[in-house]
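# Architecture and fold: a report
Below are the chains, spelled out letter by letter.
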Amino acid sequence: MIITKPRDWARIEENLTSIGARRVFLMGCGQCATVAHTGGEKELEETAARLEAGGYEVTGWTVGEVTCHLNGTKLESRKHQAEIDSADAVLVLACGAGVQTTADAIAKPVFPGLESLFLGTVIRNGIFEERCQTCGDCVLDKTAGICPVTTCPKGLLNGPCGGMWNGMCEVLTDRECTHVRIRHRLEEQGRTTRRTLAPKDFSTALKPGGVNIRESGGSR
Amino acid sequence: MSRLRDMLEGGEFVVTGEVAPPRGTDLAGMHAAVDLLAPHCHALNVTDNQGASLHLSSLAASKALLERGIEPIFQQTCRDRNRLALQSDLLAAWSLGLENLLVVTGDDPRAGDHPHAKGVFDLDSTQLASIARGMNEGHDMMDRDLKGGTGFYVGAAMFPEAEPWDVQLARIEQKIEAGVRFFQTQAIFDMDKLQRAVEAVRPLGAKVIAGVLVLKSPRVIDFVNSKLAGLMVPDAIADRIRRAHDPADAAIALAAEQVASIRDIADGVHVMPLGLDAAIGRILGGAG
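The structure reproduced in this document is the subject of the present report. (Residues numbered from 1 in each chain as written. Chains lettered and ligands numbered in written order. Predicted model: local features only at pLDDT ≥ 70, side-chain atom pairs only at ≥ 80, totals over all residues. Heavy atoms only, no water.)

## Here's the deal with the overall build of chain A
Stated formally: Helix and strand labels come from DSSP, where a helix needs a run of H or I of at least four residues and a strand needs a run of E of at least two; each type is numbered from the N terminus. Here the globule rule is a power law, 2.2 Å times the number of residues to the power 0.38, and the radius of gyration is based on C-alpha atoms. Exposed residues in this analysis have more than 50% of their type's maximum accessible area, buried residues have under 20%, and partly exposed residues fall in between, with area computed by a 1.4 Å probe over protein chains only. The contact rule is simple, with two residues in contact once any of their heavy atoms fall within 4.5 Å.
Helix and strand counts for chain A stand at eight helices and nine strands. The C-alpha atoms of chain A give a radius of gyration of 22 Å, which is well past the 17 Å a tight globule of 220 residues would have. The buried share of chain A, reckoned over its 220 residues, is 42%. For chain A, restricting intrachain contacts to residue pairs at least 6 apart in sequence, the fraction spanning at least 24 positions comes to 59%.

## Some details on the nonpolar core
Residue and element names in this part refer to chain B. Rules: To define a nonpolar core, start from buried Ala, Val, Leu, Ile, Met, Phe, Trp, Tyr and Cys residues and group those joined through side-chain atoms within 4.5 Å.
Core analysis: the biggest nonpolar cluster contains 87 residues, and Val19, Leu44, Phe183, Leu194 and Leu215 have the highest contact counts within it. At eight residues, helix α10 (residues 247-265) tops the list of elements feeding residues into this core. Residues in contact with Phe183, not counting those within four places in the same chain, are Ala156, Ala157, Met158, Ile172, Lys175, Ile176, Val201, Ala206, Lys207, Val208 and Ile209.

## Points about the side chain of Asp267(B)
All names here are of chain B. Test applied: A 3.5 Å cut-off defines polar contacts: any pair of N or O atoms within that distance qualifies, except that in protein one atom must be a possible hydrogen donor and the other a possible acceptor, and neighbouring residues in sequence count only when both atoms are side-chain atoms.
Following the sequence through the fold, Asp267 ends up in the loop between α10 and β8 (268-272). Residue classification places Asp267 among the buried positions, given a relative accessible area of 12%. A polar contact of 3.0 Å, which involves the side chain of Asp267, links it to the side chain of Arg202. Within polar-contact distance, the side chain of Asp267 engages the backbone nitrogen of Val208 at 2.7 Å.

## So, the packing of helix α4 (residues 83-95) of chain B against helix α5 (residues 125-136) of chain B
Helix-helix packing is characterised by the crossing angle of the two axes and by the distance between the axes. Residue and element names in this part refer to chain B. Formally: Only the stretch in contact is used when fitting a helix axis, every axis being a line fitted to C-alpha atoms; angles between N-to-C directions are given from 0 to 180 degrees. Should an angle fall under 35 degrees it is taken as roughly parallel, and over 145 as roughly antiparallel, whereas 65 to 115 is taken as roughly perpendicular and any remaining angle as oblique. Left-handed describes a crossing whose near helix is turned anticlockwise from the far helix by less than a right angle; the clockwise case is right-handed. Think of it as three bins: nonpolar holds Ala, Val, Leu, Ile, Met, Phe, Trp, Tyr, Cys and Pro, charged holds Asp, Glu, Lys and Arg, and polar takes everything else, Gly as well.
Contact geometry for α4 and α5: axes closest at 11 Å, N-to-C directions at 45 degrees. Classified by the angle between their axes, α4 and α5 sit oblique to one another. Our pair here, α4 against α5, has a crossing hand that is right-handed. Of α5, the residues touching α4 (which contributes Leu86, Gln87, Leu90 and Leu91) are Leu128, Ile131, Ala132 and Met135. Tallied by class, the residues present in the contact of α4 with α5 amount to seven nonpolar, one polar and no charged.

## Observations regarding the state of the cysteines
Inclusion rule: Count a disulfide wherever a pair of cysteine sulfur atoms falls within 2.5 Å.
According to the stated counting rule, one finds zero disulfides over all chains in the structure shown. Lacking any disulfide linkage, Cys29(A) is separated from the closest cysteine sulfur, that of Cys32(A), by 6.1 Å. With no disulfide partner, Cys78(B) has as its closest neighbouring cysteine sulfur the one in Cys161(A), 11 Å distant.

## Some points on the packing of aromatic side chains
Cut-off, in case you're wondering: Working definition: a ring pair exists when centres of Phe, Tyr or Trp rings (six-membered ring for Trp) sit within 6.5 Å. Plane angles under 30 degrees give stacked, over 60 give edge-to-face, the rest tilted. Criterion for a charge above a ring: Lys NZ or Arg CZ within 6 Å of the ring centre, and within 35 degrees of the ring normal.
Counted according to the given criterion, the structure contains two aromatic pairs over all chains. Between the aromatic rings of Trp94(B) and Phe152(B), the centroid separation amounts to 5.4 Å while the plane-to-plane angle is 75 degrees, which identifies the pairing as edge-to-face. Remark: Phe152(B) occurs in the loop between α5 and β5 (153-158) and Trp94(B) occurs in helix α4; sequence separation between them is 58 residues. Residue classification places Phe152(B) among the buried positions, given a relative accessible area of 3%. When the ring centre of Tyr56(A) is taken as reference, the NZ or CZ atom of Arg22(A) above it lies at 4.3 Å.

## What about the pairing of strand β2 (residues 23-29) of chain A?
All names here are of chain A. As a reminder, the rule being used: At least two bridges found by DSSP between two strands are what make those strands a pair.
The buried fraction of β2 is high, at six of seven residues. Inspection of the sheet shows β2 paired to strand β3 (residues 57-64) by seven bridges, in the parallel sense. For Met27, the partnering residue across the bridge sits in β3 and is Thr62. In this sheet, strand β4 (residues 89-92) lies alongside β2 in parallel orientation, the contact comprising four bridges. When the bridges of β4 are listed, Phe25 appears paired with Val90.

## Here's the deal with the pattern of salt bridges
Rule in force here: The term salt bridge refers to a side-chain nitrogen of Lys or Arg lying within 4 Å of a carboxyl oxygen of Asp or Glu.
The final tally for this structure, using the stated rule, is 24 salt bridges over all chains. With a closest N to O distance of 3.1 Å, Glu129(A) and Arg131(A) form a salt bridge. Taking the relative accessible area as the measure of exposure, Glu129(A) reaches 26% and is therefore partly exposed. Arg131(A) gets classed as partly exposed once you look at its relative accessible area, which sits at 39%. Linking Glu163(B) and Arg196(B) is a salt bridge whose minimum nitrogen-to-oxygen distance equals 3.1 Å. One end of the pair, Glu163(B), is in the loop between β5 and α6 (165-177); the other, Arg196(B), is in helix α7 (residues 191-201), and 33 residues separate them in sequence. Among the charged side chains, a salt-bridge network with shared partners connects Arg7(A), Arg11(A) and Glu115(A).

## Some points on the interface of chain A and chain B
Heads up, the rule is: Simply put, the buried area is the total loss of 1.4 Å probe accessible area from both parts when two parts are fitted together.
Across the boundary between the two partners, chain A contributes 28 residues, which contact 30 residues of chain B. Summed over both partners, the interface of chain A with chain B buries about 2,400 Å², with 56% contributed by carbon and sulfur atoms. For chain A, the biggest contributors to the area lost against chain B are Lys154(A), Trp165(A) and Arg194(A); these three give 26% of the whole. Applying the counting criterion to the chain A and chain B interface returns 15 residue pairs in polar contact (both at pLDDT 80 or more).

## Concerning the sheet that holds strand β4 (residues 100-104) of chain B
Residues and elements named next belong to chain B. Sheet architecture is closed into a barrel: eight strands sit in the order β1-β2-β3-β4-β5-β6-β7-β8, paired in parallel fashion. The sheet shows a mean angle of 25 degrees between the axes of neighbouring strands, direction not considered. Here strand β6 (residues 182-187) pairs with strand β7 (residues 207-213) via four bridges, running parallel. For Phe183, the partnering residue across the bridge sits in β7 and is Val208. On top of the sheet, α4 reaches β3 (72-77) and β4; it is set at about 170 degrees to β3, its chief contact. Along the sheet, α10 makes contact with β7 and β8, crossing β7 at roughly 170 degrees.

Now the structure itself:
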């Protein structure tokens, strides 16, 4: 899921002030931002209270079911049309994808209420780690299901680098070196550990990504 | 002709040193260090934005050494350039007459003086070594013919003391397979571990130049232990320097002992005097 964190409050106020907004509608998200405790009902209530304490009027709020879903967000907006019409701005507590669908769905100034961080694995409730960069050129088949592109801070395909010490990472010194983990897991599974990976194909990660499975076009 | 290659491949013991290009355009300080080190060394490494901090490029500084009749070992890290720039600089280096190449990963940018920089790491050191070998064969990494190839003597870094050894050994084998002909090691404190590394490398046909770091003061020891990646000074050695009446003198004596041991084990020694450049003669025991 997409892991987010609250945006600096001063930046949010700066955004609202820049267009003289006093009346604000809030949009959350029932998916990732709810799990990340950044854009669910509780966080929307807290944000509404904070805005009101700051002298803003909150015209209404809703938690979209899947805010990054364009049609879903359009439907959700229609349900709150009057509240949105009376607002000067919409503050979105969702990832950047959710902010953009909201901006497409609502013809009002839309501002981000969160910072989008990474595609995260939920280790435990409230503990998230980045494990995948959605690079489009997966090497997990060769690396025992551990992504070096993401979990090695240098993103090296072949390692360890010279900074590894006693099996630990140079940069994240409290973590085991990704390349040590990969080699040892491959070994445990009786797989070859001597393979040198070729330079990565970064053309698959060119932005913006797009997929269309309705037509034969596939991804770009 | 690369004297480094001729000597190592001919079985002669080599001595290498190291200089850092300046942060700026005034080469006087680097040349002063070169003047002290060069009479004792067969070649000098020229670092590439060492410590992830801004310096004049290794390419230009290596060429400056060459112009003074000193053989450089051109260092290239994977941190600051993508595959186009790395290959372009390899072609430039060869065209400028640089024949010795040391490829390394590079420290993380967050450790340096531009902590907000994007670490490139488009390639890793093994991949870069393999590309250099390809250029020696006359083609780029896309297998396209070059109008004039290269003839680099390709080296890489090795870390005999960084456990786990099975992982290090696998890396060494990968690098040799990629075309690495010589290794320069991180500073060695445990000669048994150096011996272990040399015994692993020799049958594979590559050479080992063992690193000696002159621990000239307690402050340097603290710096190495806290700031230098992939290196720790063992307590016994640290205590010897810390307790010495004259730490610099004790460090020089220690380094000289290490050099003497390395002569019996490895194919060469790489001296990092950390400013005690004038003591290199003593460190090398009058040889070099």
